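# Commentary on secondary and tertiary structure
Given next are the chains, with one letter for each unit.
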Amino acid sequence: MEYLTHLWFLWSVFCCSLITAIIFKLKINNIFIYLFAGVSILSLIHNSDLNIYMFPFFIVGFYYKKYQNNAYIIIYKLRYLINLIFIVMLFHFEKKHYIYISGINIFKSYYGIQNQIYINIYRYIIDFCGCFAIINISKYVYNKFKDTKFISLIINIGKNTLQIYVLQRFIVEIIGVKVYRKLVGFLNVNYLTFDVVIFDWIICPLIAIILCYCINIIIEKTKRYIIINKIIWGR
């Protein structure tokens, strides 16, 4: 059960989806009322900081899908400004900006109310700029390589993101970490921490791409077994 509680992203998506469905049924179409109602409810749920942090992204994604064409035109026109803001802010990113470190509640913050407000604002700006930058890059790559096996693979991986997220939790964060710790203990050296920049910008992306590809193959192989697929994924 402990491992399931660590899948916080799934619980947050579930809570955000439930709240969105309720508000949608009530025909509330004001984004500010939407956010206020959602944050108020999420503050009462376990892991409230993570849930509240996720909710604005969920709402923006919901409205982006609803007004996709108009939204993308705006993002595309502002692409250079968005990329510039993201890159400049990235150089000022510190450990305290991680949601796991500083949280989001300004009244319970170790950094004080004023600093926590700055942290929250900084985090949302860089996060949304990063999301919009990825949308622009994705659109460009799709238009450049559409009708190729590469795009088909990316689309297929996109359909399996839930399964990939769950499996990587067990393969990487549980099994992989334990194996690597024993390896480090045996060799008495941690090769991954020699250079943080290389680790963050080269090693991690390479590991993520390779694992994503391998896990996607595993998922595709299990899809032919209907019973196993239903038991594990409910599909």
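This text gives an overview of the structure that appears in the document. Quick caveat, the model's predicted, so the values are computed rather than measured.

Rules behind the numbers
- Residues numbered from 1 in each chain as written.
- Predicted model: local features only at pLDDT ≥ 70, side-chain atom pairs only at ≥ 80, totals over all residues.
- Heavy atoms only, no water.
- Core = buried A, V, L, I, M, F, W, Y, C linked by side-chain atoms within 4.5 Å.
- Buried < 20%, exposed > 50% of the residue type's maximum accessible area, 1.4 Å probe, protein only.
- Helix = DSSP H or I, 4+ residues; strand = E, 2+ residues; numbered from the N terminus.
- Contact = heavy atoms within 4.5 Å.
- Axes fitted to C-alpha atoms, helices over the stretch in contact; angles between N-to-C directions.
- Parallel < 35°, antiparallel > 145°, perpendicular 65-115°, else oblique.
- Nonpolar A, V, L, I, M, F, W, Y, C, P; charged D, E, K, R; others polar.
- Patch = residues over 30% accessible without salt bridge, like charges linked within 9 Å, V, L, I, M, F, W, Y side chains within 5 Å.
- Areas by Shrake-Rupley, 256 points an atom, 1.4 Å probe, with all protein chains shown as cover.
- Salt bridge = Lys/Arg side-chain N within 4 Å of Asp/Glu carboxyl O.
- Phe/Tyr/Trp six-rings, centres within 6.5 Å; stacked < 30°, edge-to-face > 60°.
- Lys NZ or Arg CZ within 6 Å of the ring centre and 35° of its normal.

The next subject is the nonpolar core. Among the nonpolar cores identified, the biggest contains 19 residues, and Tyr34, Leu42, Tyr53, Phe55, Ile104 and Tyr124 are the most heavily contacted of them. Per element, the largest residue contribution to this core is eight residues, and it comes from helix H4 (residues 48–66). Excluding residues that lie within four positions of it along the chain, Leu42 makes contacts with Cys15, Cys16, Ile19, Ser48, Asn51, Ile52 and Phe55. Counting seven residues, the second largest nonpolar core, distinct from the first, contains Ala71, Tyr72, Ile75 and Cys129.

Moving on, we come to the packing of helix H5 (residues 68–77) against helix H8 (residues 113–145). At their nearest, the axes of H5 and H8 sit 10 Å apart, and the two run at 100° to each other. Regarding the angle of H5 to H8, the classification is roughly perpendicular. For the pair H5 and H8, the contacting residues are Gln68, Tyr72, Ile75 and Tyr76 in the first and Phe132, Ile135, Asn136 and Lys139 in the second. Classifying every residue of the contact of H5 with H8 by side-chain character gives five nonpolar, two polar and one charged.

A surface patch of nonpolar side chains, amounting to about 610 Å² of accessible area, comprises Phe107, Ile113, Ile117, Tyr118, Ile121 and Ile125. As for its placement among the helices and strands, Ile117 is situated in helix H8.

Moving on, we get to the environment of His46. Looking at the secondary structure, you find His46 in the loop between helix H3 (31–42) and H4. Once the C-alpha coordinates of His46 and Asp127 are considered, the two residues, 81 residues apart in sequence, prove to be 23 Å apart.

So, about the pattern of salt bridges. Where charged atoms from two side chains of opposite charge come close, those side chains can pair. On inspection of all chains with the given rule, the structure shows one salt bridge. The closest approach of N and O atoms between Glu220 and Lys223, which form a salt bridge, is 3.0 Å. With a relative accessible area of 29%, Glu220 lands in the partly exposed category.

Let's shift gears to the packing of aromatic side chains. Throughout the structure, instances matching the rule amount to 14 aromatic pairs. Centre to centre, the rings of Phe57 and Tyr124 are 5.6 Å apart; their planes meet at 40°, and the pair counts as tilted. With Phe57 in helix H4 and Tyr124 in helix H8, this pair connects stretches of sequence that are 67 residues apart. Comparing Phe57 with Tyr124 shows no difference in burial state: the two are buried. With a centroid separation of 6.3 Å and an interplanar angle of 25°, the aromatic rings of Tyr124 and Phe128 are classed as stacked. With Tyr124 and Phe128 both in helix H8 and four residues apart, the pair spans about one turn of that helix. Both residues of the pair, Tyr124 and Phe128, count as buried. An aromatic cluster is present here, built from Tyr53, Phe57, Tyr124, Phe128 and Phe132 joined pairwise through their rings. Over the ring of Tyr76 we find Arg79, and its NZ or CZ is 3.9 Å from the ring centre.

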